[in-house]
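# Descriptive structure summary
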Amino acid sequence: MNELKGKRVLISEPMPQAYEAARRLEALGCAVDFGAVISDRTSKKTAEEMKQIVKEYDGFIGMSREKFPREVLQEADRLCVIAKYGIGVDHIDLQAASEYGVLVSVSPVNRTSVAEHTIALMLALLKRLRASQRFLNRDNWRCPELADFELAEKTIGFVGLGGITREVITRLNGWGCHFIGYDPYVSSEQAAALNVQAVSWDALFETADIVSLHLPLTEQTLHCVGQKEFDRMKPSALFINTARGKLVDQAALIQAVRRKAIAGAGIDVAQREEPIPPDDPLMEIAGWDNVIVTPHSAGWTHEALQRETDLTIDNMILALQGKLPSFVVNQDAVDGWRNKVKKRTSEENEE
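Residues numbered from 1 in each chain as written. Predicted model: local features only at pLDDT ≥ 70, side-chain atom pairs only at ≥ 80, totals over all residues. Heavy atoms only, no water.

### Overview of the environment of Gly 174
Where we set the bar: Numbering goes from the N terminus for both helices and strands, where a helix is a DSSP run of H or I of at least four residues and a strand is a run of E of at least two. Summary of the burial criterion: residues with accessible area below 20% of their type's maximum are buried, those above 50% are exposed, and those between are partly exposed, where the area comes from a 1.4 Å probe applied to protein chains only.
With respect to the secondary-structure elements, Gly 174 resides in the loop between α8 (163–172) and β7 (178–182). When its relative accessible area of 74% is taken as the criterion, Gly 174 is described as exposed. Measuring from C-alpha to C-alpha, the distance between Gly 174 and Glu 274 comes to 35 Å, with 100 residues separating the pair along the chain.

This is the structure in structure tokens:
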């Protein structure tokens, strides 16, 4: 089959599963190139390099290492689709993508992994696992200092009631927890259907034993959690962030931990992109018993990576065929994308 003959796709950040999955594109006549492996964070392309890429490829598959600002997308005469691993699109100027007929699809199939990681951070902090290991060889291991806490009966406050929050709630429904939530796009009735009591922003931070952040990063949500929010939290409360680092004023979080305004924090996403340099202020508290920092790995499971790879390839094939793929985030690009695909197909047929 040569249905996609003449089309070119760059898998810019190939996961291990991508090389096998790409054969489905090649079987349809599509040429596939690969960039540096996804774990190589030193191979980030410059804006000038990205401008050349969007002129040479019909499709782009990647995560977030390569950026798509307006200055890049305005050169996208050929690029039709960006198929992204995962769900975050804050590295893509969606308005510019729509203006230039570039369809952006995501693969929201790592929710189970992120939900499990969120719960793991909660439990690791409540059960004081870091501190416990240090007591293995101590005579006074059975001491008050090592007593931990139960998750049962805790009030968990979710900032954002999207897909990952719902996965967390599904898994914790049998744990005897109480759920409260804030989401301006979800009604009280819809929240109640999720077993969540809708509360105000301030009430959530004042009431919750654990605050868990699940918001997209936008201009409106940038640094939406800061000193005011940490000051409202109970000194016994924990803060969890598996969403985006820039949602939080990191300096305020560090100070809240230092002055014991909160009991601890579980962080999977930092203010700066990984790898986090040793002199980053977050690293000063990363080794404390009441702080766990993981390297944006909440969705990094074998199962999730396979699902994401399969879905991004599926979306790419559909988009290059002129068929609407799953999980398009810029629906206003559809008309421009269709016109571009038709034009590209016509040009290739003439050749």
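### Brief notes about the layout of surface pockets
The condition that has to hold: Definitions used for this entry: grid spacing 1 Å over protein atoms alone; cavity, a set of points where a 1.4 Å probe fits but cannot get out; pocket, an open set with protein on both sides within 12 Å along at least 5 of 7 lines; lining residue, one with an atom within 4 Å of a point. Grid points are joined across faces, edges and corners, and a volume is the space filled by probe spheres set on the points. The classification used treats Ala, Val, Leu, Ile, Met, Phe, Trp, Tyr, Cys and Pro as nonpolar, Asp, Glu, Lys and Arg as charged, and all other residues, Gly among them, as polar.
The computed volume of the second largest pocket comes to approximately 260 Å³. If you go around the second largest pocket, the residues you meet are Leu 125, Leu 126, Arg 128, Phe 149, Lys 154, Asp 209, Ile 210, Ser 236, Leu 238, Ala 263, Asp 289 and Asn 290. When its residues are assigned to classes, the lining of the second largest pocket shows 6 nonpolar, 2 polar and 4 charged.

### A look at helix α12 (residues 250–258)
Test applied: Any two residues whose heavy atoms approach within 4.5 Å at even a single point are treated as in contact. Counting of polar contacts relies on pairs of N or O atoms within 3.5 Å, with two restrictions inside protein: one atom must be capable of donating a hydrogen and the other of accepting it, and residues adjacent in sequence are counted only when both atoms are side-chain atoms.
Buried within α12 are the following residues: Gln 250, Ala 252, Leu 253, Ile 254, Ala 256 and Val 257. In this fold, the buried residues of α12 make contact with α11 (227–232), β10 (238–241), β11 (264–267), α13 (282–285) and β12 (291–293). A side-chain oxygen of the first residue of α12 lies 3.2 Å from the backbone nitrogen of Ala 251; this N-cap is Asp 249. Just downstream of α12, Lys 260 is the residue with a positive phi angle, here 60°.

### Quick look at the sheet that holds strand β3 (residues 59–62)
For sheets, the rule is that strands pair by backbone hydrogen bonds, running either parallel or antiparallel. This is how the line gets drawn: Pairing between two strands is assigned when DSSP locates at least 2 bridges connecting them. A fitted line through C-alpha atoms represents every axis, and for helices the fit uses only the stretch in contact; the resulting angles, taken between N-to-C directions, go from 0 to 180 degrees.
Taken in spatial order, the 5 strands of this open sheet run β2-β1-β3-β4-β5, and their pairing is parallel. Two strands close off the open sheet at either side, each with one partner strand: β2 (31–34) and β5 (103–105). Taken pair by pair, the neighbouring strands of this sheet meet at an average axis angle of 15°, ignoring direction. Taken together, the 3 bridges between strand β1 (residues 8–11) and β3 define a ladder with parallel strand orientation. Note on β3: the bridge partner recorded for Ile 11 is Ile 61. Its contacts with the sheet put helix α14 (residues 302–320) on β1, β3, β4 (81–84) and β5, and the angle it makes with β4 is roughly 165°.

### Some words on the sheet that holds β10
Spatially, the 7 strands line up as an open sheet ordered β8-β7-β6-β9-β10-β11-β12, and their pairing is parallel. Lying at the two open borders of the sheet, with one neighbouring strand each, are β8 (197–198) and β12. In the sheet, β7 pairs with β8 via 2 bridges, with the strands oriented parallel. Pairing of Gly 181 across the sheet is with Ala 198, part of β8. Across the sheet, α8 is in contact with β6 (155–159) and β7; its angle to β6 comes to roughly 165°.

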